[in-house]
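# Working through the structure, step by step
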Amino acid sequence: MPNAELLPGTLDVLILKSVSLGKLHGYGVLLRIEQISGGALLVQQGALYQALARLEHRGLIQGEWGVSDNNRRAKFYSLTAAGRRTLGQEAASWKLLADAITLALSARPQEG
Amino acid sequence: MIAELIARIRSLWRGTLHTRRVNAELQEEFRHHMELRAADLERAGMSPAAAARKARAEFGSTDDHVENARNARGLRWFDEMRISWIDLKLGLRMIVKYPVLTIVGGISMAFAIWVGAGTFEAVRQLVFPSIPLSESDRIVVLQNWDASANRPELRATHDFVAWRSALRSVSDLGAYRTVTRNLEATAGFAEPVSTAEMTASVFRVLRVPPLLGRTLVEADERPEAPLVAVIGYDLWQSRFGGDSGVVGRTFRITGTPATIVGIMPKRFAFPRSQELWVPLRVDVSGGEPREGMAIGILGRLTPGATLEQAQTELANRGKIAASDFPRTHEHLRPQVFTYAKSVQLFEGPEESGVLLAGNVFVVMLLVLVCANVGLLMFARAATRETEIAVRAALGATRRRIVMQLFAEALVLGSIAAVVGLTAAGWGIRWGFDLMRGELTDGSGNFAFWMDGKLSPLTFLYTALLTVLAAAVAGVLPGILITRNLGERLKRATAGAGSTQLGGIWTAVIVLQLAVTMGFPVVTFFVRRDNVRMETQPLPFPVDHYLSARLEMEQFSPVRGADTGAAAFQLRYANAARKFEERLEGEAAVAGVVLAEYLPRQNHPNNQIEVDYGAVAPHDERGHLVASTHVDPKYLEVLGVSMLSGRWFYSSEARSDARVAVVNKAFVDRIMDGRNPIGRRVRYVRRSAPERQAWFEIVGVAPDMGTNSGWGPAGIYHPLVREVNTGAKGLSVDTAQVYPLNVAIHVRGDPQAFAPRLRAIATDVDVTLRLAEVMPLRDVVNARLAFKAFWVRMTTIVSAVVLMMSLVAIYAVMSFAVSRRTREIGVRVALGATPRRVVTAVFAQPLRQLGMGLLAGTVLVAYLVGMMRGEMPSAAQFLFLGGYTALVAAVCLVACVVPTRRALAVQPTEALRE
């Protein structure tokens, strides 16, 4: 499957979605996005941490330090209540947009 | 919404205050990320070293990511605003490198901070006193307010007894009153001491333990109990030599023996500046409602009770009293407030407003002075334009550069703040000392909460002032110097004259000049009046006179004596007469005279009208003049002769004598030099709108130190010495003056006669008190002293502002030239004459000077008009012109050096740059 470029502004909602499925550290978020997008979406590693900082700053996710699988100290992110609300709104509006674009792109020339 | 806001604040908080930790955590996260990635790559078959290398390469620069993450948190702004040690070190280096700017700017800022901190502290102590007593905000004063007369009703012994048993929200209710008592520590030598009569419970409210012995107890209040006294630390030191065995000793208080039972610690002077405490004996029944002595009532809020609860409870008691005693209590509204509020010197919002406005004015002065320092910093920054451009080229943002200049100003400001604060501590004590007359209650001692020290709040305020000063002096020039920095970088011609003095600097210079011209004018007028009063020679040998104020205690030690007002007047008149006679019999005394006010004392001012006869009234508004009643032998004892007309006959010492003598200043100022004899004057009283009686002017005396702070014009009236003991019996005579001042013409040193004077007073009557015994030459009008203080202040302000102006103008001039070195070189190379160069270079600064001088002249003309209440005379215009010329000359001198430098520029040199 070819890789798709991320649309601007979509990284935030993808991060929210991935941490909504369980607590994740930074690298885990990267893998989760790849996994849930079926490997179609690749995230720039630097952009990831900028987005995480932005979301944490806005109170949509919260980070706490724990121990990872390789027995190292790692920062795990989870969704906050505000983040869950934002994810719901973003997902709904994304679906609306995607449906509309899909519909528009699937239009055929009318006969007659 | 709120959760998001809290998250943002928390994030900013962590990001700004724990920068190092947050950055370290990010780095740790990145390392962890790269390790996991490398492990994945290894699993895919890479060698560990290659996997690690690839993981690092994929991830990119961790420093960049840290910065991006911080930017994402909105921390970029904070990071740029941060002042580093390097900035401060650079600031210190600048201070050493530019000593002139350091000295001039430092002195100016220190001066502004001195005035600012001093004013703030004075306002805090006068308007918002803090009482140094345990939990002083729970100490409350209870008072009846007479709603019909709109004043407090202090005769409240009846209510005190009722409240003491009824109130639940206030405990330990006590009563007190202040009196002055003659203390006879050594037999036959009595001196007045500020005393408080208090119930024992007041000591419980205050919670100050005695240094030695005990405080008052309830048993001391019983009428049959022997008189005991608690003395203050200073009194203990001064009258009893700090003897620790003084407890138990007996001395006399206004003739009555009293035993010392305790000594209070230093600075205890409740209720204000008292030094002696004796029991207050309040009748257990409280006496008749609204009768008896005037007392203050004090208590402490019971634990848990609030001021509002106490007010509600007290209001209910007030309603009960109003229904029980409708005749006396119908209009009385009991109130409760904190002790701090009850002693506020400036109670009304209007007066507090004036004081706060003073603070605002001071802050404006600070901004103005610092704007000047900013001008200097701007000129300095302009010479460092290359350095700034290089910094910008190396990636420093505009904000960073501005912050660096701010840091430099802050270093200068901090040094100035230390100097300013030190001076403020000293200035406060100086100012309080000069206002002693206004701030103390006659004893000459300050209230115990006014310590003249700087409070922590003032230090905090000074810190804020310093930041403000640094912001004005550093940030403004920084913003201007970094304007169009990008543009200039592109052209890569730093120092080519692109930095211009903007409109804001023109405004600063114009304002500066206007103020420079205005300040000394105010000083000049205040000083002129002051100097006239201070240096006015008295027409008699003032060095040979001793003066004192003659007071008497209302209370008489004779049991069962009539303590009414009329009886007191008679006692006072007789004692004064006897005292005068005794003094006249002394060999060392050449003459004695009693008067309401003595020369150079602070006279009250009264508004008067003059009956000009056929001449049209000069001024509809009337005049303010000083007035005093003096004994008919006043002139004779002082050895002064009349200028015209006659002095009073001794037969005119009657309350119905309608005669007056005016002084020369009165003739000059109010009569415009016309003969006043035969004209009539009368007093205008706002409180009594009906016409007052006319007094006929019978003579003109020389100026003998009558002054009210409004000028030396004065009126004399004969002093009434007899008490009316006519057919209707003793009655209060309103013509009586209390207290009288005595002037004694002494043969030899007047000061040496003082002990003898006190001994005579005690001998004549134990209730007679002498206050302010001092040679007449030392009598200083309190208001004059305050004016002198003000003159000194305005002189200093004027000097500093003038100095600042000079330096600022010099800076602008030299800056203008240094900016245009190249242009001057080109002009000279093209054959321009020196005159043309000067005209071209100084056109703008000279325009600013012109505008400033014009604005200053308008301001000065306005001030002159305001001071005199009329348009300036020809002489004043001349003065104004002369002064303007002086300021202009000063400005021109400031231009000379830069001008010479401009012309010395060699064309080749200029073109090479």
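Here goes a summary of the coordinates provided. (Residues numbered from 1 in each chain as written. Chains lettered and ligands numbered in written order. Predicted model: local features only at pLDDT ≥ 70, side-chain atom pairs only at ≥ 80, totals over all residues. Heavy atoms only, no water.)

### Regarding the overall build of chain A
- Helix and strand content of chain A: four helices and three strands.
- Taken from the N to the C terminus, the helices and strands of chain A come in the order α-β-α-α-β-β-α.
- In chain A, buried positions account for 42% of the 112 residues.
- Expressed as a percentage of contacts within chain A between residues at least 6 apart in sequence, the contacts between residues at least 24 apart total 48%.
- Split by element, the accessible area of chain A, about 6600 Å² in all, is 56% carbon and sulfur. (Helix = DSSP H or I, 4+ residues; strand = E, 2+ residues; numbered from the N terminus. Buried < 20%, exposed > 50% of the residue type's maximum accessible area, 1.4 Å probe, protein only. Contact = heavy atoms within 4.5 Å. Areas by Shrake-Rupley, 256 points an atom, 1.4 Å probe, with all protein chains shown as cover.)

### A word on helix H7 (residues 99–127) of chain B
- Its 29 residues place the ends of H7(B) 40 Å apart at the C-alpha level, agreeing with the 42 Å of an ideal helix rising 1.5 Å per residue.
- Most of H7(B) sits inside the fold, with 24 of its 29 residues counted as buried. (Expected span 1.5 Å × (residues − 1).)

### Details of the interface of chain B and chain A
- Chain B puts 22 residues into the contact, and the matching count from chain A is 24 residues.
- With both chains or domains summed, chain B and chain A bury close to 2400 Å², and 52% of this area falls on carbon and sulfur atoms.
- When the area that chain B buries against chain A is broken down by residue, the three leading residues are B:Glu29, B:His32 and B:His33, summing to 26%.
- Viewed at the interface, chain A and chain B are joined by three salt bridges.
- The shortest N-O distance in the salt bridge between A:Arg72 and B:Glu35 comes to 2.3 Å.
- Run the count over chain B and chain A and you get 12 residue pairs in polar contact (both at pLDDT 80 or more).
- Only helix H1 (2–17), helix H2 (19–43), helix H3 (48–59) and helix H4 (62–72) of chain B provide two or more residues apiece to the side of chain B that touches chain A.
- Broken down by element, the side of chain B that touches chain A gets its largest block of residues, 10 residues, from H2(B). (Buried area = accessible area lost by both parts, 1.4 Å probe. Salt bridge = Lys/Arg side-chain N within 4 Å of Asp/Glu carboxyl O. Polar contact = N/O pair within 3.5 Å; in protein donor to acceptor, adjacent residues only side chain to side chain.)

### Considering empty space enclosed by the protein
- The full count for this structure, using the stated rule, is eight cavities of 30 Å³ or more.
- Within this model, the largest cavity holds a volume of roughly 80 Å³.
- As for the largest cavity, its lining consists of A:Tyr49, A:Leu52, A:Ala53, A:Glu56, A:Lys75, A:Tyr77, B:Arg14, B:Val22, B:Glu25, B:Leu26, B:Glu29 and B:Arg73.
- Counting residues per element, the ones that place at least two in the lining of the largest cavity are helix H3 (45–57) and strand S3 (73–79) of chain A together with H2 of chain B.
- Per-class residue counts for the lining of the largest cavity are six nonpolar, no polar and six charged.
- Space inside the second largest cavity adds up to approximately 60 Å³.
- Every residue along the wall of the second largest cavity is listed here: B:Tyr572, B:Ala573, B:Ala576, B:Leu719, B:Val720, B:Arg721, B:Gln736, B:Val737 and B:Leu740.
- Per-element tally for the lining of the second largest cavity: the top contributor is helix H21 (residues 565–584) of chain B, with three residues. (1 Å grid on protein atoms, 1.4 Å probe; cavity = no way out; pocket = protein on both sides within 12 Å on 5 of 7 lines; lining within 4 Å. Points joined across faces, edges and corners; volume = space filled by probe spheres on them. Nonpolar A, V, L, I, M, F, W, Y, C, P; charged D, E, K, R; others polar.)

### Structural notes on the nonpolar core
- If you look at the biggest cluster of nonpolar residues, it comprises 80 residues, and the most contacted ones within it are B:Leu206, B:Phe270, B:Leu298 and B:Tyr339.
- With residues near it in sequence (within four places) discarded, B:Phe270 still touches B:Tyr176, B:Ala196, B:Met198, B:Val202, B:Leu206, B:Trp277, B:Leu298, B:Tyr339 and B:Phe448.
- Membership of the second largest hydrophobic core comes to 33 residues, among which are A:Tyr49, A:Tyr77, A:Leu87 and B:Val66. (Core = buried A, V, L, I, M, F, W, Y, C linked by side-chain atoms within 4.5 Å.)

### Observations concerning the sheet that holds strand S2 (residues 61–67) of chain A
- Pairing within the open sheet is antiparallel, and its three strands lie in the order S1-S3-S2 (chain A). Where the open sheet ends on each side, the last strands, each with one partner, are strand S1 (24–25) and S2 of chain A.
- Two strands pair when backbone bridges link them, and S2(A) and S3(A) are joined in this way by seven bridges, in the antiparallel orientation. By the bridge assignment, A:Val67 is partnered in S3(A) with A:Arg73.
- Set on the sheet, H2(B) makes contact with S1, S2 and S3 of chain A; between it and S3(A) the angle comes to about 95°. (Pairing = 2+ DSSP bridges. Axes fitted to C-alpha atoms, helices over the stretch in contact; angles between N-to-C directions.)

### Thoughts on the packing of aromatic side chains
- Tallied over the full model, the rule gives 22 aromatic pairs over all chains.
- Note on B:Tyr683 and B:Phe695: the rings are 6.0 Å apart at their centroids and 80° apart in plane angle, and the pair reads as edge-to-face. In this pair, B:Tyr683 is assigned in strand S18 (residues 680–683) and B:Phe695 in strand S19 (residues 695–701), connecting sequence segments 12 residues apart. Like B:Phe695, B:Tyr683 is buried.
- The ring of A:Trp65 has A:Arg73 lying over it, and the distance from NZ or CZ to the ring centre is 4.1 Å. (Phe/Tyr/Trp six-rings, centres within 6.5 Å; stacked < 30°, edge-to-face > 60°. Lys NZ or Arg CZ within 6 Å of the ring centre and 35° of its normal.)

### Regarding helix H1 (residues 10–20) of chain A
All names here are of chain A.
- Counting buried positions along H1 yields nine of 11 residues, so the element is predominantly enclosed.
- Within H1, burial applies to Thr-10, Leu-11, Asp-12, Val-13, Leu-14, Ile-15, Leu-16, Ser-18 and Val-19.
- Buried positions along H1 lie against S1, helix H2 (26–36), H3, S2, S3 and helix H4 (81–105).
- Two residues or fewer after H1 comes Gly-22, characterised by a positive phi angle close to 150°.

Everything listed here is a matter of geometry and, on its own, says nothing about what the molecule does.
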